[in-house]
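Overview (structure and organization)
Listed below, chain by chain, are the residues.
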2 protein chains.
Amino acid sequence: MIKVYTPATAAVGVEEVLRLLEGRWKLVILFHLFGGKVQRYSDFEKLIPGISQKMLAQQLRQLEADGIVARKLYPQVPPKVEYRLTEWGQALCPALDALLKWAEQRDGFGNPARAGRPTSGGPAA
Amino acid sequence: MIKVYTPATAAVGVEEVLRLLEGRWKLVILFHLFGGKVQRYSDFEKLIPGISQKMLAQQLRQLEADGIVARKLYPQVPPKVEYRLTEWGQALCPALDALLKWAEQRDGFGNPARAGRPTSGGPAA
DNA sequence: CAGTATCCCGCTTGATACTG
DNA sequence: CAGTATCAAGCGGGATACTG
């Protein structure tokens, strides 16, 4: 079954994907899980400096609700929880790579080295 | 030259890309330009119901500043302005397709038909 | 250990009006 | 035709404190 998109439906489709990925910390979380890695709640707190417990929990819950990460609770005291990617979540990796590759091409197309809006750069602050 | 990413730098890279794409109307605009299509300001107003002049202008300016769309002004009265994608902007299309394809795979991985957060679906309202 | 509950602030968006 | 200017609202996110 091949889906056909109009400009409007394609845009909506991509927007839905972006909505899954938007959120100040989701990408970092994801990239700490790609490749089959498994992390505990406290691992993320160490791996991601600056994140608050509220945000960590919130972003994880959303990723879980969206079927991207899987949560495994070990009912013991003290509690132990593991996070890993779902199969579908893993499948996201190549798509994100495509975006990265696209970004890398930027200066390859005779683009005048982004005068307008530095994406991060500018002279080292 | 092959770029090497850590979880953190990869996340930042993708975030930078997402920042270019975020904005209530950018994707629709983009999809109305993919395939070499050229549009005038007023075309967008017709093609995109609900968009205000302020938002249209703003999103176009940002896309232009980011090197994704090119603006061509014909100095005449009344003014005429055309928008098209840059080469780099065109190159974004396959990457977005990858995201769309990923979204389509969702139910293919034994995902329980997204109980948590319907991305749009649910039984026809 | 792994969370939840509140309060507050900034930024993006929307509505509306005006102009070269 | 192709914009700019101004003002207010909504929502995501940060700081902080508390709990099974």
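Residues numbered from 1 in each chain as written. Chains lettered and ligands numbered in written order. Predicted model: local features only at pLDDT ≥ 70, side-chain atom pairs only at ≥ 80, totals over all residues. Heavy atoms only, no water.

Quick word on the pairing of strand β3 (residues 80-85) of chain B
Residue and element names in this part refer to chain B. Selection rule: Criterion used throughout: strands pair if DSSP finds at least two bridges between them. Numbering goes from the N terminus for both helices and strands, where a helix is a DSSP run of H or I of at least four residues and a strand is a run of E of at least two.
Strand direction decides the pairing type here: strand β1 (residues 39-40) and β3, joined by 2 bridges, are antiparallel. Its bridge partner lying in β3, Gln39 is registered against Tyr83. As judged from the 6 bridges shared by strand β2 (residues 69-74) and β3, these two strands associate in the antiparallel manner. Note that in β3 the partner of Tyr74 across the bridge is Lys80. Taking the residues between adjacent antiparallel strands as the criterion, β2 and β3 are bridged by 5 residues.

Concerning the interface of chain B and chain A
A common way to express how large an interface is: the accessible area buried when the components associate. Basically, it comes down to this: Working rule for contacts: check all heavy atoms of both residues, and any pair within 4.5 Å makes them a contact. Here the quantity called buried area is the accessible surface, traced with a 1.4 Å probe, that two parts lose on coming together, added over both. Any carboxyl oxygen of Asp or Glu that lies within 4 Å of a side-chain nitrogen of Lys or Arg is treated as forming a salt bridge with it. Under this definition, polar contacts are N or O atom pairs within 3.5 Å; protein pairs additionally need one hydrogen-donor-capable and one acceptor-capable atom, and for neighbouring residues in sequence, both atoms have to be side-chain atoms.
With 46 residues of chain B at the contact, the number on the chain A side is 46 residues. When chain B packs against chain A, close to 4,600 Å² is buried across both sides, 71% of that on carbon and sulfur atoms. Linking chain B with chain A are 0 salt bridges, by the criterion used here. At the boundary of chain B with chain A, the tally comes to 6 residue pairs in polar contact (both at pLDDT 80 or more).

Here's the deal with the confidence of the model for chain A
Condition: A residue's pLDDT is simply how confident the predictor is in it, with values from 0 to 100.
Averaged over chain A, the pLDDT score is 91; the fraction of residues at 70 or greater is 89%. Low pLDDT (under 50) marks residues 115-125 of chain A, which in the prediction has 10 contacts with non-local residues, meaning those over four places away or in another chain.

Re the protein's contact with DNA strand D
The following threshold applies: One heavy atom within 4 Å of a molecule or strand makes the whole residue count as near it.
Among the 20 residues in the neighbourhood of DNA strand D, the closest are listed as A:Arg24, A:Lys54, B:Gln53, B:Arg71 and B:Tyr83. Protein-adjacent atoms of DNA strand D, using a 4 Å cutoff, are sugar or phosphate at a proportion of 61%. The backbone of A:Arg24 places a nitrogen or oxygen atom 2.8 Å from a phosphate oxygen of DNA strand D. Measuring from a phosphate oxygen of DNA strand D, one finds a side-chain N or O atom of B:Ser42 at 2.9 Å. Breaking the surface near DNA strand D down by element, the ones donating at least two residues are α4 (53-65) of chain A together with α3 (41-47), α4 (53-65) and β3 of chain B. With 4 residues, the single largest contributor to the surface near DNA strand D is α4(B).

Here we look at the protein's contact with DNA strand C
Within the structure, DNA strand C sits among 21 residues, and A:Gln53, A:Arg61, A:Arg71, A:Tyr83 and B:Lys54 are positioned closest to it. Close to the protein, within 4 Å, the atoms of DNA strand C belong to sugar or phosphate groups at a rate of 55%. In the model, a sugar or linking oxygen of DNA strand C is placed 3.3 Å from a nitrogen or oxygen of the A:Pro79 main chain. The contact in question runs from a phosphate oxygen of DNA strand C to an N or O atom on the side chain of B:Trp25, over 3.0 Å.

Details of the packing of aromatic side chains
Threshold: Think of it this way: a Phe, Tyr or Trp ring, Trp meaning its six-membered ring, pairs with another when their centres are within 6.5 Å, and the plane angle makes it stacked under 30 degrees, edge-to-face over 60, tilted otherwise. The rule is simple: take the accessible area with a 1.4 Å probe, protein chains only, and divide by the maximum for that residue type; under 20% is buried, over 50% is exposed, in between is partly exposed. Cation placement over rings: the criterion is NZ of Lys or CZ of Arg within 6 Å of the ring centroid and within 35° of the ring normal.
Tallying each qualifying case throughout the model produces 6 aromatic pairs over all chains. Centroid distance B:Phe31 to B:Phe34: 5.1 Å. Interplanar angle 75°. Geometry classified as edge-to-face. Taking relative accessible area as the criterion, B:Phe31 reaches 9% and is therefore assigned buried. Judged by relative accessible area, which is 7%, B:Phe34 ranks as buried. The ring of A:Trp25 carries A:Arg24 above its face, with NZ or CZ at 4.4 Å from the centroid. Here B:Lys80 stacks its cationic end above the ring of B:Tyr74, 4.8 Å away from the centre of that ring.

A short note on unusual backbone geometry
Of the consecutive residues A:Val77 and A:Pro78, the connecting peptide bond is found in the cis state with omega at -5°. Inspection of the secondary structure puts A:Pro78 in the loop between β2 (69-74) and β3 (80-85).

A word on the UniProt feature "domain: HTH hxlR-type" (unreviewed entry) in chain A
Short version of the rule: UniProt positions are given in the numbering used here, feature names are shortened, and annotations may be inferred rather than shown by experiment.
As recorded in UniProt, the feature "domain: HTH hxlR-type" (unreviewed entry) lies at residues 6-111 of chain A. Helix makes up 55% of residues 6-111 of chain A and strand 13%, with an end-to-end C-alpha separation of 29 Å.

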